[in-house]
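Remarks on the overall topology
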Amino acid sequence: MCAEYATFGLAPAMRAGGVLHDGGYQVHRDFVDFIVDGRPLLFQLSDLDAVSPLASDVPPAIFTAQVRSLLLESPAPLPGGRYVVYGCPECEDLACGAVTAVIQGDGEDVIWRDFAWQTDDHADLERNGYHGIGPFRFRGAEYRTALSALLNGSAPDPRRRVLLIGARVAVLAKLAAALRTIGVGADIAHDADGVPAEELRGYGAVAFGHAAGERERAAVRRAFERAGVPVAHVDGLAPIVPLLVAQIEHALDRSPADRRRLTGLTATDAGADVEVTSACRVTLTAYRLDRLSRPHSHEIFDGVLDTGRHRVALDAKAIRGRSYVVARTSGSVLVTAVNH
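Along each chain, the written sequence defines residue order, and numbers are assigned to residues from 1. This being a predicted model, a pLDDT of at least 70 is required before a residue's local features are given, and a value of 80 or more before pairs of side-chain atoms are given or counted; all residues contribute to the totals for chains, interfaces and linings. Side-chain metrics in this entry use all non-hydrogen atoms of the structure; hydrogen atoms and water are not considered.

By the naming in an unreviewed UniProt entry, the protein goes by Oxidoreductase and is assigned to Streptomyces luteogriseus.

Set out below in structure tokens:
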């Protein structure tokens, strides 16, 4: 059994949704991640696309039950004293696979041990155990204080609505439809004049189309400032829906910058430079507008990158003219224009 203590904390995290290169999509999920010794526990689990049980879009009663379960105030949901630590972001069904662990009290301390990948009621530690992770011993007071705070009004605020401002209604309608498909609410307006402060508080981002002039943009910013609502502002790079979705996903990311996997992206004719803080799968997609303003996309890279900075070659045909690169991991999205 572990003798040394590990620190325990919580931090907002995101499973990045998006419209993908192949026409598919993945759902946006906000959740609270477990921070062990100052680092997200999820980062230790290879390149796992998953969310914790503390997701912002579950009903309040279920969220509270999940917190009380982790506080050991109710019996373990799985045999052998096992709890789901991370589950499928799409359906959260155990059959899809989940990371589970034994969570138990030891005097005042709390111990997480025997992490495993589990697809039914029983975990096979020999075949599916995460042998290099844990056990972790947490000081009980620190552990209970962090989780109990979620029961005292500190649960994550979804704020997964976006206000779209612009004059090109056709593009905005397609963008709103795409955002709603991935679980992000979207409203279209010419301005924010006369909108009550309580309504503005429901937005996490404001996205401006190219047709929105500086006067309109300034007026919208003032409306949010008067309402005392801190909101992310997105200046749309081009009328390409997947690109705009990626920009908005980045704006909605409220996880601490120093606890993200994808931290840097620049692109020139020489290639794209990508920086990651832990080994993970990264996809790079190039988008461009041709001379007739028709959008084109091209998948540049899909593979696992180790910690550090990497250069990925770009296909010259994919980045002709006005072009952009989107880098994506399961939890982060970055967008940049190609600097020719």
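Considerations on the nonpolar core
The nonpolar core is taken to be a set of buried Ala, Val, Leu, Ile, Met, Phe, Trp, Tyr and Cys residues, with the residues joined through side-chain atoms within 4.5 Å. Exposure categories follow from relative accessible area, calculated using a 1.4 Å probe and restricted to protein chains: below 20% of the type maximum is buried, above 50% is exposed, and the middle band is partly exposed. Ranked by internal contacts, the top residues of the largest apolar core, which has 37 residues, are Leu41, Tyr86 and Trp112. Here a helix means four or more residues in a row that DSSP labels H or I, a strand means two or more in a row labelled E, and each is numbered from the N terminus. Every element with two or more residues in this core is listed here: strand 2 (8-15), strand 5 (29-36), helix 1 (60-70), strand 7 (82-86), strand 8 (98-106), strand 9 (109-118), strand 10 (136-138) and helix 3 (140-148). By residue number, the principal contributor to this core is strand 5, which donates 4 residues. Apart from residues no more than four positions distant in its own chain, Trp112 is found in contact with Phe8, Phe34, Leu41, Val85, Val102, Ile103, Pro135, Phe136, Phe138 and Tyr143. Within the second largest apolar cluster, 21 residues are counted, among which are Val162, Leu175, Ala176 and Ala186. Here a residue-residue contact requires only that any non-hydrogen atoms of the pair lie within 4.5 Å.

What to know about the environment of Val58
With respect to the helices and strands, Val58 occurs in the loop between strand 6 (39-40) and helix 1. Separated by 27 residues in sequence, Val58 and Phe31 have C-alpha atoms that sit 9.7 Å apart. In contact with Val58, not counting residues within four places along its chain, are Phe63 and Glu92.

As for the pattern of salt bridges
For salt bridges, the criterion is a side-chain nitrogen of Lys or Arg within 4 Å of an Asp or Glu carboxyl oxygen. Tallied over the full model, the rule gives 16 salt bridges. Salt-bridge contacts for Arg15 lead to Asp49; the nearest nitrogen and oxygen are separated by 2.8 Å. Here Arg15, found in strand 2, pairs with Asp49, found in the loop between strand 6 and helix 1; they are 34 residues apart in sequence, far enough to count as distant. By relative accessible area, Arg15 is classed as buried at 4%. Between Glu73 and Arg68 there is a salt bridge, with the nearest N and O atoms lying 2.9 Å from each other. The exposure class of Arg68 is partly exposed, given its relative accessible area of 37%. If you follow the salt bridges from partner to partner, you end up with Arg15, Asp49 and Glu90 in one network.

Points about helix 6 (residues 214-226)
Its 13 residues place the ends of helix 6 18 Å apart at the C-alpha level, agreeing with the 18 Å of an ideal helix rising 1.5 Å per residue. Every buried residue belonging to helix 6 is among Arg217, Ala219, Val220, Ala223 and Phe224, and all of these are buried. Taken end-on, helix 6 shows its buried residues confined to a sector of 160°, consistent with a single buried face. Turned more than 90 degrees off the buried face of helix 6, the exposed positions are Glu214, Arg215, Glu225 and Arg226. At its buried positions, helix 6 is contacted by strand 11 (161-165), helix 5 (197-200), strand 13 (203-208) and strand 14 (232-235). Expected span of a helix, by definition, is 1.5 Å for each gap between consecutive residues, and there is one gap fewer than residues. Working note: the arc is built from the helix axis to C-beta atom directions.

Some details on unusual backbone geometry
Across the junction of Gly134 and Pro135, the peptide omega takes the value 0°, indicating a cis bond. Checked against the element boundaries, Pro135 lands in the loop between helix 2 (125-128) and strand 10. Backbone geometry places Leu72, a non-glycine residue, at a positive phi of 65°. Along the chain, Leu72 turns up in the loop between helix 1 and strand 7. The backbone phi angle of Ser293 is positive, close to 60°, even though this residue is not glycine.

Some words on the sheet that holds strand 13
Any two strands with at least two DSSP-identified bridges between them are counted as paired. The strand order 12-11-13-14 describes an open sheet built from 4 strands, whose pairing is parallel. A strand with exactly one partner marks an edge of an open sheet, and here the two such strands are strand 12 (185-189) and strand 14. Each adjacent strand pair in this sheet contributes to an overall mean axis angle of 25°, direction not counted. For strand 13 and strand 14, the ladder comprises 4 bridges, and the chain directions are parallel. Along strand 14, the bridge assignment pairs Ala205 with Ala232. Helix axes are fitted only over the stretch in contact, all axes being lines through C-alpha atoms; the angle between N-to-C directions runs from 0 to 180 degrees. Taken strand by strand, helix 4 (residues 169-181) contacts strand 11 and strand 12, and its axis lies near 165° from that of strand 12. Each of strand 11, strand 13 and strand 14 touches helix 6; the most contacted strand, strand 13, lies at about 170° to it.

Comments concerning the confidence of the model for the protein
The share of residues in the protein with pLDDT of 70 or more is 97%, and the mean pLDDT across the chain is 90. The predictor attaches a confidence to each residue, and that confidence, scored 0 to 100, is pLDDT. Mean pLDDT across the elements of the protein ranges from a minimum in helix 5, with 86, to a maximum in strand 10, with 97.

A look at the packing of helix 4 against helix 7 (residues 241-252)
Packing of helix 4 against helix 7 brings their axes to within 10 Å, and their N-to-C directions diverge by 60°. Our classification of the angle between helix 4 and helix 7 gives oblique. You can see that helix 4 and helix 7 cross each other, and the crossing is right-handed. From helix 4, Val171, Lys174, Leu175, Ala178 and Leu179 reach across to helix 7, where they touch Val241, Leu244, Val245 and Ile248. Class assignment for the residues of the contact of helix 4 with helix 7 results in 8 nonpolar, no polar and 1 charged. These descriptions rest on fixed angle ranges, namely under 35 degrees for roughly parallel, over 145 for roughly antiparallel, 65 to 115 for roughly perpendicular, and the rest for oblique. For a crossing to be left-handed, the near helix must be turned anticlockwise from the far one by less than a right angle; the clockwise case is right-handed. Each residue gets one label: Ala, Val, Leu, Ile, Met, Phe, Trp, Tyr, Cys and Pro are nonpolar, Asp, Glu, Lys and Arg are charged, and the others, such as Gly, are polar.

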